Amino acid sequence: MPDTVCKIIRQYNKGRIPEEDMQKLLRIARDYADVKDHVYQRYGGIRSISKLYPGYTVQNEMTRSGLRESLGLPSVYFYLAIFDALRELRAHWTMVKTQVGKQVNAHEELKEEEKHFLRYLLKVNNAFDAALNGTEQKLPKEVQRQYDALASQVDVKKLENYLRRQVRKRTKRLHVEQVAGFSITERAYRYGDHGIYISVKEKRKRIHIPLTDGNQYRRQIYLRLFPERGAVEIRVPIDVTVKKRADHDRKIGLSMGMMTMLVTDEGHLYGEQYGQLQSQLSDWLREQTSRYHRNREANPGRKKYQAGKHRMEEKLHSYINQELNRFFREERPGTIYLPKLPKSGRGGPVKERNYRSTTWQRGYIRSRLRQKCREQGAELVEVFGKDISNVCSRCGAMGKKQEGRFYCPACGYEAGQKVNAAQNAKKRGASQDHWPVGDGMQQQTEQRGQVR
């Protein structure tokens, strides 16, 4: 467990920002987005993969392109936009490789030596680049020796064609979907006069934004803009010390729901109003979407929609964090066992239910739970989730569920459906070797054999 963990601190403006100053910030945000889009278009293909690491080739080529001069964008923003785009391109290719790797592992017709060769291509950047582009492999001496040994056992052309097909299915062109804000280095801002001074496109000019707090930081920050409200949100990443508390040593099973956010193995409820807030959000989104499609010609913009959606999501997220804080304060967990849920399925015939399912904030809840576990020094463990709500936590027999209750015909055990699932999560996690969150593939494979 690390001694420190990164946490995002938020600062807010005090009073409405003047329209003139907001327009100056918006111009930077638009130019910032233009630079990122330029990088996506020029370096998002397979022929530019080798230029993404470490990225200085892209930086030099972008400098010579003349784009910064044509936009009149200060260099502190121009180069940050480049490396923001490069970071997202690298993350995209990492995701593609992960997905292809899973496909390779699951392919039953591939021989083991063929899978080994494909995994090697996915692991070595230069080999992956050459395989996609059909060029000769030119690797460091020791790496080339390993590649030649693996290649001698397989049909290289066949496997490289297979790799290209799999990558092509999963590759997409990135683009900036919404002009929301931009990053700022230490050189482009300073705190003072109960606010923050931010550099703009005019030389030697800065605008002053009063803040609601007097905290000051010296690191790269992100400025999120809300022009319709004349407001900004400053996001500051800071390192905080992990709170390792001796009295936080309990092992707790959790079950996550769409109505009550979390239920423990002892039947304690957290987030009882979650379902109501979630329903308000999903019903509002459904109504707004229907209204938009009915009046599309007379409704060219969606600014009010985005602002309303943001307000409702912020209210829901605030409640989620509030209840998670209460959970850690009252339960004092050292280890948390959480079922690994399946991916969201396709929509069904009931539109209202579809909206509630697709807007379910389970990804946000899990990410915040994981973050708070890091901050509190607790361990979050995902356990095999198949039939976790259908099996009796007392005797292991298959039971029945009715109106939120679980009944076991074998031993007569009766409990809340979510309580039974949480008890199973704790039982599965505590009775066998487990893996921290992130090793879901290995965990599922090995646990599947034990559960059966």
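Just above, that's the structure.
Not measured: the values here are computed from a predicted model.

*Asks:* Would you take a moment to explain helix H2 (residues 56-64) for this structure?
*Replies:* An α-helical segment advances 3.6 residues per turn. Residues three or four places apart therefore align on the same side. When we look at burial in H2, the residues that qualify are Val58, Gln59, Glu61 and Met62. Contacts made by the buried residues of H2 are with helix H1 (19-43), helix H3 (67-71) and helix H4 (75-106). At the C-terminal side of H2, Gly66 shows a positive phi close to 80°.

*Asks:* What is the right way to look at the pattern of salt bridges in this model?
*Replies:* A pair can form between side chains of opposite charge whenever their charged atoms are brought close. Applying the stated rule across the entire model yields 22 salt bridges. Notably, a salt bridge pairs Glu112 with Arg119, separated by 3.0 Å at the nearest N-O pair. Its relative accessible area of 30% is what places Arg119 among the partly exposed residues. Arg250 is the partner of Glu266 in a salt bridge, and the nearest nitrogen-oxygen pair spans 2.9 Å.

*Asks:* Sorry, what's going on with the sheet that holds strand S13 (residues 400-402) here?
*Replies:* Two strands in a sheet stick together by hydrogen bonds in their backbones, pointing the same way (parallel) or opposite ways (antiparallel). Strand order in this open sheet of three strands is S13-S14-S15, and the pairing throughout is antiparallel. Strands at the two margins of the open sheet, each flanked by one partner only, are S13 and strand S15 (414-416). If you compare each strand with its neighbour and ignore which way they point, the axes differ by 25° on average. Sitting on the sheet, helix H13 (residues 417-430) is in contact with S13, strand S14 (405-407) and S15, with an inclination near 95° to S15.

*Asks:* Before we go on, may I ask you to explain the packing of aromatic side chains in this structure?
*Replies:* Centre distance and the angle of the planes are the two values used to describe a pair of aromatic rings. What the rule picks out here adds up to ten aromatic pairs. Between Phe78 and Tyr79 the ring centres are 5.1 Å apart and the planes differ by 80°, which places this aromatic pair in the edge-to-face class. Take Phe78: its relative accessible area is 0%, and that puts it in the buried class. Among the aromatic residues, ring-to-ring pairing joins Tyr32, Tyr77 and Phe182 into one connected group. Just above the ring of Phe128 sits the side chain of Lys97; from NZ or CZ to the centre is 4.7 Å. Over the aromatic face of Tyr189 sits the side chain of Arg218, whose NZ or CZ is 5.8 Å from the ring centroid.

*Asks:* Is there a simple way to explain the side chain of His310 in this structure?
*Replies:* Residue placement: His310 occurs in helix H10 (residues 303-331). Of the residues examined, His310 reaches a relative accessible area of 18% and is grouped as buried. When neighbours within four sequence positions are excluded, His310 is seen to be in contact with Phe226 and Arg229.

*Asks:* I would appreciate a short explanation of helix H5 (residues 112-123) in the present structure.
*Replies:* Taking 1.5 Å of rise per residue, the twelve residues of H5 would be expected to cover 16 Å, and the 16 Å separating its terminal C-alpha atoms lies within 8% of that figure. Along H5, the residues classified as buried are Glu114, Lys115, Phe117, Leu118, Tyr120, Leu121 and Leu122. Against the buried residues of H5 lie H4, helix H6 (125-133), helix H7 (141-151) and helix H8 (156-170).

Definitions and cut-offs
- Residues numbered from 1 in each chain as written.
- Predicted model: local features only at pLDDT ≥ 70, side-chain atom pairs only at ≥ 80, totals over all residues.
- Heavy atoms only, no water.
- Buried < 20%, exposed > 50% of the residue type's maximum accessible area, 1.4 Å probe, protein only.
- Helix = DSSP H or I, 4+ residues; strand = E, 2+ residues; numbered from the N terminus.
- Contact = heavy atoms within 4.5 Å.
- Salt bridge = Lys/Arg side-chain N within 4 Å of Asp/Glu carboxyl O.
- Pairing = 2+ DSSP bridges.
- Axes fitted to C-alpha atoms, helices over the stretch in contact; angles between N-to-C directions.
- Phe/Tyr/Trp six-rings, centres within 6.5 Å; stacked < 30°, edge-to-face > 60°.
- Lys NZ or Arg CZ within 6 Å of the ring centre and 35° of its normal.
- Expected span 1.5 Å × (residues − 1).

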